Amino acid sequence: MRRLRVMHAIHQLNVGGAENGIVNLVNHIDPLHFESSICTFVGGGSLKGRLDRSRTKVFELGKKAGNDPTLPLKILKVCRIWQPHILHTHAWGTMCEGIIGAKLGRIPVIVHGEHGTIQKKSVNTYIQRLVWGIADQILSVSEVHKQKLAKTIGFSQERIKVIQNGVDTNRFSPSNENKKIRKRLGIAETEVVIATIGRLVPVKNQAMLIKAFSELS
């Protein structure tokens, strides 16, 4: 049986939620059924070193600063070389060029995923509504995000599917190390601890978490 070839388009493999999710996905997806590649608009990125290169092919387009009108043609060239069955673009930064390049390359299936930040300028919402209509499937990371996307962009909720980010529960689970950290911080083993890790930017909504903590206390 022929394996499905899936190419992910991302701006760069720097540290970030979307980038981390892509690396986790290509490193763990079933190699008996899928082949993976990543097409980055800008080369490099610290997460590139985490990739299992025996599983994943990486293409770097060498994007010029600012708007680069050559990107769709570069994506077309890469698609002709690797011949993916599915091109999966991620977020605003790869949407237009990636989907146009995929259409030019006659890729059978085009998927676009949104990971959190919503483009709210009128011209951006118009472009998204137009380009999303070309894609075969739009993805969101949560039900709330899906509803906000549909309302902000003016796009049908029925055409947006939710796939939540996966978590490695073997890696992120209670261990003996937790007891040591609790003891060092003076926290009893019976006390409930809630923590968060994220950048101090509005889209992460740390303010909501602080408000929730104050209500819990």
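This write-up is about the structure you can find in this document. (Residues numbered from 1 in each chain as written. Predicted model: local features only at pLDDT ≥ 70, side-chain atom pairs only at ≥ 80, totals over all residues. Heavy atoms only, no water.)

### Examining unusual backbone geometry
Then step 1. Positive phi, normally seen in glycine, also occurs at Ala91, with a value near 70 degrees.
Then step 2. Inspection of the secondary structure assignment puts Ala91 in the loop between strand S4 (86–90) and helix H3 (92–104).
Then step 3. Judged by relative accessible area, which is 26%, Ala91 ranks as partly exposed.
Then step 4. Phi at Asn205 takes a positive value of approximately 55 degrees, unusual for a residue other than glycine.
Then step 5. Along the chain, Asn205 turns up in the loop between helix H6 (176–185) and helix H7 (206–216). (Helix = DSSP H or I, 4+ residues; strand = E, 2+ residues; numbered from the N terminus. Buried < 20%, exposed > 50% of the residue type's maximum accessible area, 1.4 Å probe, protein only.)

### Topic: helix H5 (residues 143–153)
Then step 1. Those residues of H5 that fall on the buried side of the exposure criterion are His145, Lys146, Leu149, Ala150 and Ile153. Taken around the axis of H5, the buried residues stretch over an arc of 135 degrees, which confines them to a single face. Facing away from the buried surface of H5 by more than 90 degrees, the exposed residues are Val144 and Lys151.
Then step 2. Contacts from the buried residues of H5 go to helix H4 (122–132), strand S6 (137–140) and strand S7 (160–162).
Then step 3. Where H5 begins, the capping side chain belongs to Ser142, and its oxygen is found 3.0 Å from the backbone nitrogen of His145.
Then step 4. The positive-phi residue at the C-terminal boundary of H5 is Gly154, with phi of around 75 degrees. (Arc of directions from axis to C-beta. Contact = heavy atoms within 4.5 Å. Polar contact = N/O pair within 3.5 Å; in protein donor to acceptor, adjacent residues only side chain to side chain.)

### Overview of the pattern of salt bridges
Then step 1. All told, the structure shown has seven salt bridges when counted by the stated rule.
Then step 2. Linking Glu60 and Lys48 is a salt bridge whose minimum nitrogen-to-oxygen distance equals 2.6 Å. Pair noted here: Glu60 is in strand S3 (residues 56–60) and Lys48 is in the loop between strand S2 (34–40) and S3, with a separation of twelve residues, a long-range link.
Then step 3. On the accessibility criterion, Glu60 (39% relative accessible area) is partly exposed. (Salt bridge = Lys/Arg side-chain N within 4 Å of Asp/Glu carboxyl O.)

### A short note on the pairing of S2
Then step 1. Within S2, six of the seven residues are buried, which leaves the element mostly enclosed by the surrounding structure.
Then step 2. Running through helix H1 (residues 17–28), the crossover from strand S1 (residues 4–10) to the neighbouring parallel element S2 is right-handed.
Then step 3. Alignment of S2 against S3, held across five bridges, turns out to be parallel. Bridging across to S3, Thr40 finds its partner in Glu60. (Right-handed = clockwise from strand over helix to strand, strands pointing away. Pairing = 2+ DSSP bridges.)

### Some points on H4
Then step 1. Listed in full, the buried residues belonging to H4 are Asn124, Thr125, Gln128, Val131 and Trp132. For H4, the angular spread of buried residues about the axis comes to 135 degrees, placing them on one side. Exposed positions of H4 whose direction lies more than 90 degrees from the buried face are Ser122 and Leu130.
Then step 2. Looking at the buried residues of H4, the elements they touch are H3, strand S5 (109–113), S6 and H5.

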